Amino acid sequence: VAKSGVNKKQWYQRRVRGKLIDIPKTRSLYLFGLLHYLTSFALTNVYSKHFLGMSSPLVCDLCSLSYGLVEKAPKILNCGDTFCLLCLAKIIQDGATPDGNITCRICAKVTSLPAEGVTALPTNNVVIKLLKQKQEEENILCAEPDHLAQKLTSFCSSPECMKLICIVCSMTIHKDHDVKTIDKAFEYHRELILSQVQTLKGILVQVDQKAENVNSQISPLKLEKENTEKRIRDRFNKIKDWVSRRETMLLESLNNSAQKISEGLVSSQQMLGTLSSSTKHTIESIESQLNNNSGPAAQLEFLKSTKNYTTNLNFSLETSLQNIKNEDWKIAPTLTFEGYDEATIISFLASVGKVVAKSGVNKKQCGEERKLRVVEDIILLENQNTKRVYGPELSDRFGRLSHPTHIQIAPKELLNGSARSELKYSPSKQAPLFPSDLILISDSIKHHIVLIEKNSGKTVSFIGKFGDQAGELNDPQGLAITKSAIHSNLLLLVADSNNNRVQAFDLRTGDYVNQFNAPKFIKAPVGICVNHQNNNIFVANSLLNTVTVHSGFPLDLNVSGGYKDFGTRLSVIGGMNIPRCVALNSKGHLIVANEQKIDIFDTNHKLLITLSVRGNNNNKVLLEGVCVDKQDNILVCDSGAHKVLFFDKEGNFIIAVGKEGNEFDSMNSPTGLVVDNENGDIFVSNGDRIIVFKPNLYK
């Protein structure tokens, strides 16, 4: 009954999922739902169990829990009673049955257990079938606990729901949603999905068309590639033919020139032989007359013929001198080949042609053209050891480094007075260059010295060109800077390796100054350094396994000899093993980098210590450049191991720096290095670039 004072609306309120909602006030609908619930409950539980004394066939009589398909599987005993597997296992575990038997808890009959245990008892398939039927029935019932087992009759099409619901759900939880009957929802979503399928079919048609279009381009692309390849080969075969014919013409010209010169030399040889014979005959005749003129009569006869003798002698002398001075007796001209340098030829070949993708062809199909990245003049690196890298493209005007070998910087002790004069090749008067602003690099392939501005990495100028004349170079190697009382500017000394000499250039103008050689003592010079106290020059001769000491330009104008004594050999230091580079420390001790060891000599050229360097299984030791810093620490390039080795002034090993590779901060057979004593930066010539390391690299 409704108590007085209680709102009827509250009587019909029920909680659904924690929320108070209003059940429709239609009493018949509520009574119908209540009757349906009570009937179902009575039939399945109350009526069957309490009134008939029977339990549900889907519930275990021991635990009163529903059967399952695995752990709660229904097992039949010999008496016909069914219990769940979990209860039977618990009975056996508690030890409440005789060994190998189990007693039914309803009829007390004993059932023998199989050898495999309780799991091997037969399963009640009737119960299993009823369980599956119940599950199928439950799938069409609403899952909401308070909806009195209502059947699923509608579908909520709201995006946040999209599920089957009962009639109670449609009037409560999904009251304001897009609810449709199952048949209408089926038709609606069926049409929607079919529409999407049709759209997908249209996209599939486009994909197939594009795929067919791509497939249709593969064969023409292959044919076009073959035709282009044929054109490239034909073009270069013609170039090869031109080069071959030009080679044949040059060789024929060389043979003709050599033959003409040879014929001229043979003719000259014959004429000189004739002249020699006639001159000898004249001399013998006159000497014979002189020797036979003994006695007054003979002397008188000789004096009568003196005029004839004098005339014959004068004629013979004039003829001989005339023939000797004749152009025909000059030394034969040398035969040389003059042509484009390698860079020009490579540039020409690069301009012969290029492969490009024609317009209308997808770049992704042909592969995007990969352009060569132009490297900036200075590359700033994040590597903790590397400060910057110069090259490989140093300047658009002067081109790239081909093979930098040795590197040099003007020593600080020389940068005073007139040595501070402005360089001739300064780029502008607003920013004049001085020797202290330069890095000097010997390029052994292009046969010149590259002058680079230290701070910007820009190429300033070159010194030298290929050849064997004065001021020309052939495989320049070691570099050293010196000063002279005769010259107002600093001088650059270059070890001109293949010309077996040392040349001096004016560092301010780049002009040739002087040279010296000694065929027996200078052979393939590769390393050079200067003692700035006395200007003596140390030259490492790789083919002779020696270091020779020569006099430099005088430091005092009052010293006799001066200019003429430049390059005079003072001494020879032997016992080397292919010396590659030399350096001097502050004590004047000579440091020689041989291929696999470092020799240190005192000021009297006596060996103080030898530092042996061992390689590993992968790399052979090949020591190249050597230098010292302000603390007399020794730095050596190991070209074979692609590293720079550091030793203290006593010769103790400190560290090896570098890794092999072609990256900007990697080593690739380093050959030369120098320390800038102004800031401690370490410059290393490496492959086709110069790497600059920080000064605290090895401290």
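Predicted model only: the values in this text are computed from it and were never measured.

Q: Mind laying out the overall build of the protein chain, listing which residues take part and the relevant values?
A: Scanning the protein chain for helices and strands turns up 10 helices and 36 strands. Relative to its full complement of 699 residues, the protein chain shows a buried share of 36%. When the accessible area of the protein chain is evaluated, it comes to approximately 43300 Å², of which 53% is carbon and sulfur surface.

Q: Which residues make up unusual backbone geometry, and what are the values?
A: Peptide bonds are trans in most cases, and residues, glycine excluded, mostly fall at negative phi. Even without being glycine, Asp-632 reaches a positive phi, approximately 65°. Here Asp-632 is to be found in the loop between β30 (623–628) and β31 (634–638). Note on Asp-632: relative accessible area 10%, which makes it buried. We note that His-642 has phi near 60°; this positive angle belongs to a residue other than glycine.

Q: Run through the confidence of the model for the protein chain, naming residues and quoting values.
A: Averaged over all residues, the pLDDT of the protein chain is 76; the fraction at 70 or higher stands at 70%. Below pLDDT 50 for its whole length, residues 6–30 participates in 23 contacts with residues either more than four positions away or in separate chains. A low-confidence stretch, residues 392–399 (pLDDT under 50), is modelled with 22 contacts involving residues beyond four sequence positions or located in other chains.

Q: Help me get a handle on the pairing of strand β23 (residues 536–541), residues and values and all.
A: For a regular strand, side chains alternate in direction, first toward one face of the sheet and then toward the other. In terms of residue burial, β23 counts as a mostly covered element, since 6 of its 6 residues are buried. Here β23 shows no split at all, with Asn-536, Phe-538 and Ala-540 on one side and Ile-537, Val-539 and Asn-541 on the other all buried. Note: strand β22 (residues 525–531) against β23, 6 bridges, orientation antiparallel. When the sheet's bridge partners are listed, Ile-528 is paired in β23 with Val-539. What sits between β22 and β23 in their antiparallel hairpin is a turn of 4 residues, with Asn-535 showing a positive phi close to 70°. Two strands pair when backbone bridges link them, and β23 and strand β24 (residues 546–550) are joined in this way by 5 bridges, in the antiparallel orientation. If you follow Phe-538 over to β24, its bridge partner there is Val-549. Connecting the antiparallel pair β23 and β24 is a turn made up of 4 residues, with Asn-545 showing a positive phi of about 55°.

Reading guide: rules and limits
- Along each chain, the written sequence defines residue order, and numbers are assigned to residues from 1.
- Since the coordinates come from a predicted model, pLDDT governs what is reported: local features require at least 70, and pairs of side-chain atoms require 80 or more to be given and counted, while whole-chain, interface and lining totals use all residues.
- Computation of side-chain values: all heavy atoms of the structure, hydrogens and water removed.
- Elements are defined by DSSP. Helices are runs of H or I of four residues or more, strands are runs of E of two residues or more, and each kind is numbered from the N terminus.
- Burial classification: accessible surface area is computed with a 1.4 Å probe over protein chains only, and a residue below 20% of its type maximum counts as buried, one above 50% as exposed, and the rest as partly exposed.
- In short, Shrake-Rupley with a 1.4 Å probe defines the accessible areas, and a residue's cover is counted only from the protein chains shown.
- A residue's pLDDT is simply how confident the predictor is in it, with values from 0 to 100.
- Any two residues whose heavy atoms approach within 4.5 Å at even a single point are treated as in contact.
- Strand pairing is assigned whenever DSSP identifies at least 2 bridges connecting the two strands.

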